[in-house]
Amino acid sequence: MSEHVTSTTDSQFETDVLQAETPVLVDFWAEWCGPCKQVAPFLDQLAQDKVGSLKVVKLNIDENPNVPGRFGVRGIPTLMIFKGGQIQASKIGAMPKSKLYEWVDEALAG
């Protein structure tokens, strides 16, 4: 994890994500998930590139089962963008860096 990506927990989710001033991209992931590891460097880069306009937060679903259940996370990686406490966009599965950036830009513009 880079200095720009933070992790959150079931108990911190409300504060870290739902009450955040800026939009937040949440990466629902697990240690054993290959595609999660594949997308991680792109998320680190994204967090760096979007400092101030987007926060990137990771939530380990094995250690924190409540939040993924609450938001209906069925497969991982699941990426969700929250704006003002609401889900703005969500994607399931790994994607190339260019697609990730496109998706984020569209979600933030919307």
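Here's what I pulled together on the structure shown here. (Residues numbered from 1 in each chain as written. Predicted model: local features only at pLDDT ≥ 70, side-chain atom pairs only at ≥ 80, totals over all residues. Heavy atoms only, no water.)

1. What to know about unusual backbone geometry
Argument step 1. For the peptide bond that leads from Ile76 to Pro77, omega is -5°, which places it in the cis range.
Argument step 2. With respect to the secondary-structure elements, Pro77 resides in the loop between α3 (66-70) and β4 (78-83). (Helix = DSSP H or I, 4+ residues; strand = E, 2+ residues; numbered from the N terminus.)

2. Let's talk about the sheet that holds strand β3 (residues 55-60)
Argument step 1. Read across the sheet, five strands follow the order β1-β3-β2-β4-β5 without closing on themselves; strand pairing throughout is mixed. Of all strands in the sheet, those with a lone pairing partner are β1 (5-7) and β5 (86-92), marking the two edges. Strand-to-strand twist across the sheet, computed as the mean angle between neighbouring axes with direction ignored, equals 25°.
Argument step 2. In the sheet, β1 pairs with β3 via three bridges, with the strands oriented parallel. If you follow Ser7 over to β3, its bridge partner there is Lys58.
Argument step 3. With respect to the sheet, helix α2 (residues 34-49) is in contact with β1, β2 (24-29), β3 and β4, its orientation differing from that of β3 by roughly 155°.
Argument step 4. Its contacts with the sheet place helix α4 (residues 97-109) against β2, β4 and β5, and it is angled at close to 25° to β4. (Pairing = 2+ DSSP bridges. Axes fitted to C-alpha atoms, helices over the stretch in contact; angles between N-to-C directions. Contact = heavy atoms within 4.5 Å.)

Fair warning: the whole summary comes from geometry, so function is off the table for now.
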